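An overview of the molecular structure
Chain by chain, the residues:
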Amino acid sequence: MNMKENVLIIGGGPAGSASAMNLLQKGFSPTIIESESFPRYHIGESLTTECVDALNRLGLSEQLQALKAPQKQGVRVFSKHPENSFYIGAGDAWQVERATFDTMMLNEAQKRGAKHIQAKVKKLTQQTDNWILELDNGQSLESRFVIDASGQQRLSHKQGLFGPIKDGTYQHQVAFFAQYHGIKRKNSDQFDTLIFHIDSHAWCWMIPLSEDVTSIGLVVPVDQYKQKKLKPDLFMDHRLSNFSLPMMERTKDATRISEVRTMSNYSYCIDEYCRDGLFCVGDSHRFIDPIFSFGVEFAVVEAAYVARAIEKCCKTPSKANEHHHEYMQCTTQAQNIIEDILAYFWAHPWGFANMAHFRHADEFLEIFAGRIYETEPGEGLLKVREELQQ
Ligand code: FAD
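Residues numbered from 1 in each chain as written. Predicted model: local features only at pLDDT ≥ 70, side-chain atom pairs only at ≥ 80, totals over all residues. Heavy atoms only, no water.

Describing the pairing of strand β3 (residues 71–78)
Pairing of β3 with strand β4 (residues 85–94), which is carried by 7 bridges, proceeds in the antiparallel orientation. By the bridge assignment for β4, Val 75 is matched with Ile 88. Hairpin geometry of β3 and β4 is characterised by an intervening segment of 6 residues between the two adjacent antiparallel strands. Where β3 meets strand β12 (residues 193–197), 4 bridges bridge the pair, whose relative direction is parallel. The partner of Val 77 across the bridge, within β12, is Ile 195. (Pairing = 2+ DSSP bridges. Helix = DSSP H or I, 4+ residues; strand = E, 2+ residues; numbered from the N terminus.)

Written out as structure tokens, the structure reads:
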């Protein structure tokens, strides 16, 4: 095996940078092609425990500590009434500003030896055994292995290399998000993620980013937003002002300190997402939903699995199809656990709280910490799946 084999990585978000670091640990020579100049804004600030563990396995604990980010212990979920809330511990994890976190990741990948090209990949084509990338700076790159970590841009799908794409359950939702000062915090959940939900699929998040800055997101069905015919900032201000009692209790003295950003139609799934040395990682093949914050975990844990798959393809090329299949099977199984847990949460919020708190507390704790890879479904998950079938 040529241990200095180059691997081209499209995108320098968490999936791309973590893929590069995992490949470097295995002796490959990765090149990240990222279109944006970092630091750049990105949503997705709350990390799971398993995500942090995966970052620690990459030797990033000091770099994470240096971000001086708030440390979260879990998630508190509120319904309409202040007395109805439940807490799910998640172990030790972090709330991070993604601009800083993603820059740390990309810089670290470069420090360890990854090449970085700032350019946009315009075209991806296959020629015999290799993939050819055409960049918007006129450069053309070639390699046997390519990782598509292009996030919601889904480059390889858009180039017709993978498909079809299916709408996810939460596809027709829109998220509004901004940063705030003056959010009331309680000692018991000072740096935790707070989720407030009312009707099915209408919810808010509060993620503390520092002592006095909090990220707030509002998620509603697209139709609800269109009916109001308001600009995003007015819609968000209006909706937050009467969202639910527990939410309003925390926001009554709040001031918005950033513009309101939006994202819609972000939930999708591509069933086949690797072949012939081209692998999708992170959002480039699937995104379920932001609630309970699993996106960055999927990106960085899949990055470890993809590096393993590429190493195996080099060692036993005759079994390459098997290695591609293993990668998809393991990553799909983990995502399916979260898909089912979320479906159950919306279908039976109080049955969910009961399971998470009493009946299957240990198992739910593990799931919420993100320990969902290569695990056998426990009794709680089997019960969830059985009830979803009814
Ligand atoms: P990205 O982070 O999007 O990175 C992709 C990179 O590829 C980008 O930097 C882009 O510039 C680059 N790129 C794209 N196309 C090209 C091209 N053609 N050429 C070169 N470069 C290219 N996750 C959490 O874990 N916690 C949360 O709290 C959370 N909240 C969320 C809230 C909302 C509303 C949404 C929609 C998502 C949220 N997520 C959250 C999900 C999380 O943001 C993503 O899952 C995560 O960023 C995926 O990482 P990635 O590396 O796959 O993609």
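And the narrative resumes.
Section: the pattern of salt bridges
Two side chains that carry opposite charge are able to pair once their charged atoms sit near each other. Inspection of the entire model under this criterion finds 23 salt bridges. Here Arg 275 makes a salt bridge to Asp 276, at a shortest N to O gap of 3.1 Å. The exposure class assigned to Arg 275 is partly exposed, which follows from its relative accessible area of 27%. The partly exposed category is assigned to Asp 276, whose relative accessible area is 41%. Several salt bridges converge on common partners, so that one network encompasses Glu 50, Asp 53, Arg 57, Glu 366 and Arg 371. (Salt bridge = Lys/Arg side-chain N within 4 Å of Asp/Glu carboxyl O. Buried < 20%, exposed > 50% of the residue type's maximum accessible area, 1.4 Å probe, protein only.)

Some thoughts on the environment of Asp 212
Positionally, Asp 212 belongs in the loop between β13 (203–208) and β14 (214–221). Among the residues examined, Asp 212 registers a relative accessible area of 44% and is labelled partly exposed.

Functional significance is not addressed by these values, which are geometric in nature.
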